[in-house]
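Reading the structure
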Amino acid sequence: MVMTATDTTPQIPVRLDFDARAPGFSRAMAHLDKAATKELDKVDFDHRLRELVRIRASQLNGCAYCIDMHTKDARAIGETEQRIFALPAWAETPYFTSRERAALAFTEAVTLLATTHVPGEAYEQVAAEFAPDEIAALVGLITTINAWNAISVSTRAWVPGSYQP
């Protein structure tokens with residue numbers, strides 16, 4: 001982190017311009033994102049829940065750029081700040097439905113799969129609330145946001161705060 005003498009705002013330096021250095025892969029990621037969105041649209045997956053999933057995975061992965069992007073996108077489609085602010089403690093708040101709780105628990109289990117190995121309880125909970133096609137679309141969404149997070153966190157390719165919806 002770099003701070004200039006005239007500015008007390010920390011500047012997070014870009015490590016690697018990923019889009020310029022891996023343009024083919026960057027385009028493939030954009031196609032993957034579109035494919036995941038198509039699957040979500042096909043099963044009429046709630047748009048606000050999509051953003052909550054993206055935000056929660058990005059919080060767990062420490063992806064400042066994606067947190068900024070998806071909180072802006074969530075607010076733009078009517079998500080409340082109260083629910084966005086409560087995401088790190090979603091299990092201890094009354095703000096989320098059982099369906100949303102299942103999706104958030106599953107998001108955490110898949111995002112942390114090296115530690116959790118996605119326990120049966122997380123899958124059973126999501127399967128109780130979502131049809132198989134919806135679960136498949138959710139897995140696609142979680143996989144995609146985790147891939148974006150991995151690129152962003154490792155390369156710092158995109159500057160947090162620069163996203164404009």
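Right, let's walk through the structure included here.

Reading the values: rules and limits
Residues numbered from 1 in each chain as written. Predicted model: local features only at pLDDT ≥ 70, side-chain atom pairs only at ≥ 80, totals over all residues. Heavy atoms only, no water. Disulfide = S-S within 2.5 Å. Core = buried A, V, L, I, M, F, W, Y, C linked by side-chain atoms within 4.5 Å. Buried < 20%, exposed > 50% of the residue type's maximum accessible area, 1.4 Å probe, protein only. Helix = DSSP H or I, 4+ residues; strand = E, 2+ residues; numbered from the N terminus. Contact = heavy atoms within 4.5 Å. Salt bridge = Lys/Arg side-chain N within 4 Å of Asp/Glu carboxyl O. Axes fitted to C-alpha atoms, helices over the stretch in contact; angles between N-to-C directions. Parallel < 35°, antiparallel > 145°, perpendicular 65-115°, else oblique. Nonpolar A, V, L, I, M, F, W, Y, C, P; charged D, E, K, R; others polar. Left-handed = near helix turned anticlockwise from the far one by under 90°. Phe/Tyr/Trp six-rings, centres within 6.5 Å; stacked < 30°, edge-to-face > 60°. Expected span 1.5 Å × (residues − 1).

Before going further, it helps to examine the state of the cysteines. Scanning the entire structure with this criterion turns up 0 disulfides. Not part of a disulfide, Cys66 finds its nearest cysteine sulfur in Cys63, a span of 3.3 Å.

With that out of the way, let us pick up the nonpolar core. Ranked by size, the top nonpolar core spans 26 residues in total, and within it Phe45, Leu49, Val53, Phe96, Phe106, Phe130 and Leu138 carry the most contacts. Contributing elements (two or more residues each) for this core: helix H3 (47-61), helix H5 (81-86), helix H6 (98-111) and helix H9 (132-155). The element contributing the most residues to this core is H6, with 6 residues. Once residues lying within four places of it in the same chain are set aside, the contact partners of Phe106 are Val118, Ala122, Tyr123, Val126, Ile135, Leu138, Val139 and Ile142. One finds Phe18, Ala57, Met69 and Ile145 within the second-largest nonpolar core, a separate group that totals 13 residues.

Moving on, we come to the pattern of salt bridges. Within this structure, the stated rule accounts for 10 salt bridges. A salt bridge links Arg83 to Glu79; its shortest N-O distance comes to 2.6 Å. Taking the shortest distance from any N to any O, the salt bridge between Glu100 and Arg83 comes out at 2.8 Å. Taken together, the positions of Glu100 in helix H6 and Arg83 in helix H5 put the pair 17 residues apart, joining distant regions of the chain. Where salt bridges share partners, they join Arg48, Glu79, Arg83 and Glu100 into one cluster.

The next thing to look at is the packing of helix H4 (residues 64-76) against H9. In the contact formed by H4 and H9, the axes pass within 8 Å of each other and the chain directions differ by 130 degrees. Between H4 and H9, the crossing angle belongs to the class labelled oblique. Of the residues in H9, those touching H4 at Tyr65, Cys66 and His70 are Ile145, Trp148, Asn149 and Ser152. Partitioned by chemical class, the residues of the contact of H4 with H9 number 4 nonpolar, 3 polar and no charged.

The geometry of helix H2 (residues 23-42) relative to H3 is characterised by a closest axis approach of 11 Å and an angle of 140 degrees between their N-to-C directions. By the angle class used here, H2 and H3 are oblique. The two elements H2 and H3 meet at a crossing, and its hand is right-handed. Mapping the contact onto sequence places Thr37, Leu40 and Asp41 in H2 and His47, Arg50 and Arg54 in H3. Looking at the contact of H2 with H3 residue by residue, the class counts come to 1 nonpolar, 2 polar and 3 charged.

With that settled, the discussion passes to the packing of aromatic side chains. Applying the stated criterion across every chain, the model contains 3 aromatic pairs. The interplanar angle of 65 degrees and the centroid separation of 6.1 Å between the aromatic rings of Phe106 and Tyr123 together place this pair among those described as edge-to-face. Pair noted here: Phe106 is in helix H6 and Tyr123 is in helix H8 (residues 120-129), with a separation of 17 residues, a long-range link. For Tyr123, a relative accessible area of 41% corresponds to the partly exposed category.

So, on to H4. In this model, H4 (13 residues) spans 18 Å end to end at C-alpha, consistent with the 18 Å of a helix rising 1.5 Å per residue. All buried positions along H4 are accounted for by Tyr65, Cys66, Asp68, Met69, His70, Thr71, Lys72, Asp73 and Ala74. Looking at the buried side of H4, the elements it contacts are H3, H5 and H9. Directly after H4, the chain includes Gly78, whose backbone phi takes a positive value near 100 degrees.

What follows deals with the environment of Ala57. Mapped onto the elements, Ala57 comes out in helix H3. Separated by 89 residues in sequence, Ala57 and Asn146 place their C-alpha atoms 6.7 Å apart. Those residues in contact with Ala57 that sit more than four places away from it in its chain are Thr107, Thr111, Ile145, Asn146 and Asn149.

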